[in-house]
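Tertiary structure, described
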Amino acid sequence: MGQITLEGMEFFAYHGHMDEEQKIGNKYSIDVSIDADLSAPASTDNLKDTINYGEVYDMVKTVMAKKHRLLEHVGYEIITAIKVKFIHIQKVTVQVSKYNPPIGGVCHKAKVTLEEVF
């Protein structure tokens with residue numbers, strides 16, 4: 001068992017419950033951790049035997065390019081894309097952070113964490 005993690009992927013996107021957020025946009029950070037059996041790629045040293053994190057990044061980028069109302073839905077869409085592509089994974093954890101959320105006070109970021117075990 002092993003884990004592949006992409007931390008701090010940053011995007012400017014147009015997510016938010018309020019219409020204003022979907023017009024102005026904001027900065028977001030995404031962390032993705034995937035648990036899987038990594039014994040084959042560890043022994044073969046072959047990219048085709050592992051989870052290509054370049055492909056994971058592209059999946060996240062595609063989800064972030066679409067407007068969503070809730071951070072929870074962004075995380076759900078990322079998990080769904082990953083589990084469809086990489087069918088032999090055991091668990092995916094996604095953290096979606098929105099910087100300076102419009103809550104009427106000082107807050108560095110709002111973060112939602114979703115996890116799915118297969």
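These remarks concern the structure in this document. Predicted model, so just to flag it, every value in this text is computed and none were measured.

1. Quick look at the packing of aromatic side chains
For the coordinates displayed, the defined rule picks out 2 aromatic pairs. Here the basic side chain of Lys27 rests over the ring of Tyr99, its NZ or CZ set 4.8 Å away from the ring centre.

2. A closer look at the side chain of Lys98
Take Lys98: it is sitting in strand E3 (residues 89-99). For Lys98, the side chain forms a polar contact with the side chain of Glu21, separated by 2.5 Å. Contact partners of Lys98, with chain neighbours within four places excluded, come to His15, Gly16, Glu21, Asn26, Lys27, Tyr28, Leu71, His108, Lys109 and Ala110.

3. Thoughts on helix H4 (residues 71-85)
Its 15 residues give H4 an end-to-end C-alpha distance of 22 Å, which sits within 8% of 21 Å, the value for a rise of 1.5 Å per residue. What H4 keeps buried is the set Leu71, Val74, Gly75, Ile78, Ile79 and Ile82. The buried residues of H4 occupy an angular sector of 130° when projected down its axis, which confines them to one face. Buried residues in H4 make contact with strand E2 (26-36), helix H3 (53-64), E3 and strand E4 (109-117).

4. Here's the deal with the pairing of E2
On a regular strand, one side chain projects to one face of the sheet and the next to the other, so that they alternate. Burial analysis of E2 places 9 of its 11 residues in the buried class, which makes it a mostly covered element. Bridge count between strand E1 (residues 2-13) and E2: 10 bridges; the pairing is antiparallel. When the sheet's bridge partners are listed, Leu6 is paired in E2 with Val32. Bridge analysis of E2 against E3 gives 9 bridges, and the strand direction is antiparallel. Within E3, the position partnered with Asp35 by the bridge is Lys91.

5. Thoughts on the nonpolar core
Of all hydrophobic cores here, the largest spans 27 residues; its most connected members are Ile30, Val32, Ile78 and Ile82. Taken together, the elements giving at least two residues each to this core come down to E1, E2, H3, H4 and E3.

6. Looking at the environment of Leu38
Tracing the backbone through its elements, the reader meets Leu38 in the loop between E2 and helix H2 (39-44). In the structure, Leu38 is positioned 37 residues away from Met1 in sequence and 6.0 Å away in space, judged by C-alpha atoms.

The rules behind each value
Residues numbered from 1 in each chain as written. Predicted model: local features only at pLDDT ≥ 70, side-chain atom pairs only at ≥ 80, totals over all residues. Heavy atoms only, no water. Phe/Tyr/Trp six-rings, centres within 6.5 Å; stacked < 30°, edge-to-face > 60°. Lys NZ or Arg CZ within 6 Å of the ring centre and 35° of its normal. Helix = DSSP H or I, 4+ residues; strand = E, 2+ residues; numbered from the N terminus. Polar contact = N/O pair within 3.5 Å; in protein donor to acceptor, adjacent residues only side chain to side chain. Contact = heavy atoms within 4.5 Å. Expected span 1.5 Å × (residues − 1). Buried < 20%, exposed > 50% of the residue type's maximum accessible area, 1.4 Å probe, protein only. Arc of directions from axis to C-beta. Pairing = 2+ DSSP bridges. Core = buried A, V, L, I, M, F, W, Y, C linked by side-chain atoms within 4.5 Å.

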